[in-house]
Amino acid sequence: MTALSSLLFLLQANIYQYAAPIIFGFGIIGNIFIIIMFVRRRQNSCAIYLLMAAVVNTINTTFNFTTTIYTLNHSDPGNSILVFCKLRYYFIHVWGQLARYFAIFACIDRYAVATTNTRLRWIARPSVAWKMIIAMIIIWHILASHLLIFVTINNGRCGQFGLYYIVFEIYYLIFVCVIPPVSMMIFGFLAYRKLRHLHGRIMPVSINTHSKPSKNKIHRRDRDLLIMVLGEVVFYVMTMSGYPFIVLETAVTNYMGITKSIDHIAIETFFTMIAILLLYLNYSAPFYIYIVASKTFRKDFKALLI
């Protein structure tokens, strides 16, 4: 083992031991605060999407935090128990996908709220939001079922192997690295552009009940929700942008059967771990993104604490 590979493996072990539990721990706390704050806004369709994303993120970060802490002093059960190996891959992927696609629907919802097209505005209804959430839960539990079949343990390691490794990486690139960020950016940009057109017609949250507002107007609370969603979109694009290139390099070189040096393997493993850790940040970061992005959210959080 060379000096470079030894250094990278040491860094990887320390980052996994100290950084991962901190990220997951703060993620659990932040997502619980989101649930507490948004459970009172169930009449708003966008808040419903963000609420349910926080629910699955709480489950995801709690599970990852528990397994990470356990494996610090014990062997990873996923590398020896096949059922646990399959279920862990399956549920972590399903929970992650649900959070991502709830964020996509939150962007679509903000565009629907800001548009003047009455045929599209019906999308931004709580009843529609709950139907879409139920549909997504069913769809992703079915679409991800291939993990239960093909994920296995090989040489004491849980994962994807052989041809399925290539197929899974292609699937992951499409449904994690391409569709979510592209959809978020498109509908987020459209919603932002529509919002700028409606900027002069923004209404305060408190509305005079004696006047009948126009359907084309948008509440300040809706504008704040859009800002929070856009902040989450920017963070997601930034943290996942490097992962596709690492995956492609690893998949192509493995498929071509290229002989890799110890340093090459160490570099690949290290940067793969960093890219995955950045993806996990998306499960922990929403609360802190909302705090930074929205003055109204900060006020509501202070009021909750007081």
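Remember, predicted model here, so these are calculated numbers, not experimental data.

Visitor: In this structure, what is going on with the overall build of the chain? I would like to understand it.
Guide: Along its length, the chain carries 12 helices and 4 strands. Here the C-alpha radius of gyration of the chain, 21 Å, is about what a compact globule of 306 residues would show, namely 19 Å. Across the 306 residues of the chain, 45% fall into the buried class. Looking at the chain as shown, the accessible area adds up to about 15900 Å², and 69% of this sits on carbon and sulfur atoms. Taking the average place of the 27 positive charges on the side chains of the chain and the average place of its 10 negative ones, the gap between the two points comes to 18 Å.

Visitor: I tried to follow unusual backbone geometry on my own but got confused; where do I start?
Guide: If a residue is not glycine, its phi is most likely negative; likewise, a peptide bond is most likely trans. Positive phi values are uncommon outside glycine, yet N155 reaches one of about 55 degrees. Structurally, N155 can be placed in the loop between β1 (152-154) and β2 (157-159). For N155, a relative accessible area of 78% puts it in the exposed group.

Visitor: Would you mind showing me how to read the packing of aromatic side chains here?
Guide: Geometry of an aromatic ring pair is reported as the spacing of the ring centres plus the angle between the planes. A complete count under the given rule lists 26 aromatic pairs for this structure. Relative to W95, the ring of F91 has its centre 5.6 Å away and its plane inclined at 25 degrees; by these criteria the two rings are stacked. Pair noted here: F91 and W95 are both in helix α3 (residues 82-114), with a separation of 4 residues, about one helical turn. Consider the rings of F168 and Y171, whose centres lie 5.9 Å apart with planes at 40 degrees: the pair is tilted.

Definitions and limits used
Residues numbered from 1 in each chain as written. Predicted model: local features only at pLDDT ≥ 70, side-chain atom pairs only at ≥ 80, totals over all residues. Heavy atoms only, no water. Helix = DSSP H or I, 4+ residues; strand = E, 2+ residues; numbered from the N terminus. Rg over C-alpha atoms; globule rule 2.2 N^0.38 Å. Buried < 20%, exposed > 50% of the residue type's maximum accessible area, 1.4 Å probe, protein only. Areas by Shrake-Rupley, 256 points an atom, 1.4 Å probe, with all protein chains shown as cover. Lys, Arg positive; Asp, Glu negative; His and termini not counted. Charge placed at Lys NZ, Arg CZ, Asp CG, Glu CD. Phe/Tyr/Trp six-rings, centres within 6.5 Å; stacked < 30°, edge-to-face > 60°.

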